[in-house]
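Coordinates in review
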Amino acid sequence: MAHFKDHIPSSEITPKDIFLNRRSFMAAAGGTLAAASMGLSPKQLHAAQIDGTLPATRNKDFSVDVTPTAKNIISTYNNYYEFGTDKSSPSRYAERLVTRPWTVEVTGEVETPRIFDIDDLLKLPLQERVYRFRCVEAWSMVVPWIGFEFRELAKLVNPTSKAKYVEFTTVVQKENMTGLRYPIIDWPYKEGLRIDEAMHPLTLLTVGLYGDLLPNQNGAPIRLIVPWKYGFKGAKSIVRIAFVEKQPKTSWVEIQPQEYGFYANVNPAVSHPRWSQQYERALPNLFASQPTLPFNGYADQVASLYTGMDLSKYY
Ligand SMILES: Nc1nc2c(c(=O)[nH]1)N[C@H]1C(S)=C(S)[C@@H](COP(=O)(O)O)O[C@H]1N2
Ligand SMILES: [Mo]
């Protein structure tokens, strides 16, 4: 398999990107300033990743100016049903998830299907983005994710004109995932996006948070983040990405189509059948006192994707 250094000119990983994360920089470049002016080689970048840090600069244009939720909350209040349905189960049991070796198959309606090693994906241009995150259960957080735009990955496989949707399939590790014995979901957990949603610059394939690799319970080694949609669209621990012609079947729509739609755009005007979506509980608050915004506050960037659609029908 060809490696990313064949595709990504090292000039795209700028010294500035790396320099600002001093800890990673020192680890990777051994403290020599000369290396900074040349950018890090993929090998040096890899060295930085091994000590658990990721060299990523905050992209202010794509970040909200809000203090992120504390890391210990982001990493202990989780939904990851493969490890149990309690919010505390994923952080207790997900250390059993095996995240290396790990490959992501990118296939379907593409000219050049490929199987990527996760450590090669980590060489794509990583950035930190502080996004709002809103679960359909009406709790929310603000998370400093680290990742790369989905469209950067798409460029490497050349989707054909038949690619109308993207399907994300997540990992099944029978021996390691204690929640799989419950048939809540027809495992593996699957999600999907329309192609224009996937290619939107806000759509992030996420590999880290708070300057480190993703904790297992948050979907290591790679998960999807679509900030204007309910959290369940953010498939964790992805192993396969397929460009497809027809709208894919997705886990929550399969379980309860009356309650969870394929689009799942955050919409305070459309209630869940069992609760209102008008307010959210911004963790660690105890009360849902924060008004929920249309498209989770990203309406200016994404509302045009849905022009002419009845959003109470396509929820
Ligand atoms: N594989 C997998 N991905 C998943 C889920 C899951 O159960 N399994 N839960 C989803 C839901 S409902 C939410 S709200 C988010 C939670 O992400 P977090 O734990 O990082 O906050 O992950 C989503 N991705
Ligand atoms: Mo959720």
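Residues numbered from 1 in each chain as written. Chains lettered and ligands numbered in written order. Predicted model: local features only at pLDDT ≥ 70, side-chain atom pairs only at ≥ 80, totals over all residues. Heavy atoms only, no water.

Looking at an unreviewed UniProt entry, one finds the protein named Protein-methionine-sulfoxide reductase catalytic subunit MsrP and attributed to Hohaiivirga grylli. According to its UniProt record, the protein has this under Sequence similarities (unreviewed entry): "Belongs to the MsrP family." What the UniProt record of the protein gives under Subunit (unreviewed entry) is the line "Heterodimer of a catalytic subunit (MsrP) and a heme-binding subunit (MsrQ)." (UniProt positions renumbered as here; feature names shortened; annotations may be inferred.)

1. Description of the side chain of E82
Relative to the elements of secondary structure, E82 occurs in the loop between α5 (71-74) and α6 (89-93). In this structure, E82 is buried with no salt-bridge partner, the nearest side chain bearing the opposite charge being K236 at 7.7 Å. The contacts of E82, once residues within four sequence positions are left out, are T170, V171, M177, T178, G179, L180, W187 and Y189. (Helix = DSSP H or I, 4+ residues; strand = E, 2+ residues; numbered from the N terminus. Buried < 20%, exposed > 50% of the residue type's maximum accessible area, 1.4 Å probe, protein only. Lys, Arg positive; Asp, Glu negative; His and termini not counted. Salt bridge = Lys/Arg side-chain N within 4 Å of Asp/Glu carboxyl O. Contact = heavy atoms within 4.5 Å.)

2. A closer look at the UniProt feature "binding site: Mo-molybdopterin" (unreviewed entry) in the protein
In the numbering used here, UniProt assigns the "binding site: Mo-molybdopterin" (unreviewed entry) feature to N78, Y81, E82, C135, T170, N218, R223, G234, A235 and K236. The class of E82 is buried, set by a relative accessible area of 3%. Structurally, the position occupied by C135 is in the loop between β4 (127-134) and β5 (139-149). C135 sits in the buried class, given a relative accessible area of 5%. Apart from residues no more than four positions distant in its own chain, C135 is found in contact with N79, Y230 and G231.

3. Section: the pairing of strand β2 (residues 103-108)
Remark: a regular strand shows side chains that alternate across the two faces of the sheet. Judged from the four bridges that link them, β2 and strand β3 (residues 114-117) form a sheet pairing that is antiparallel. Considered in β3, the bridge of V106 is made with R114. Taken together, β2 and the strand that follows it, β3, pair antiparallel across an intervening segment of five residues. Across four bridges, β2 lies against strand β11 (residues 238-244) in parallel orientation. Opposite G108, over in β11, you have F243 as the bridge partner. (Pairing = 2+ DSSP bridges.)

4. Thoughts on the site of ligand 1
Near ligand 1 there are 18 residues, and of these N78, Y81, E82, G234 and K236 occur at the shortest range. One nitrogen or oxygen atom from the side chain of N218 is found 2.9 Å from an oxygen atom belonging to ligand 1. Side-chain polar atom of R223 to an oxygen atom of ligand 1: 3.0 Å apart, as the coordinates give it. Its free accessible area being 530 Å², ligand 1 has 99% of it covered by the protein chains. Among the residues making up the shell around ligand 1, the classes are represented as nine nonpolar, six polar and three charged. (Near = heavy atom within 4 Å. Polar contact = N/O pair within 3.5 Å; in protein donor to acceptor, adjacent residues only side chain to side chain. Areas by Shrake-Rupley, 256 points an atom, 1.4 Å probe, with all protein chains shown as cover. Nonpolar A, V, L, I, M, F, W, Y, C, P; charged D, E, K, R; others polar.)

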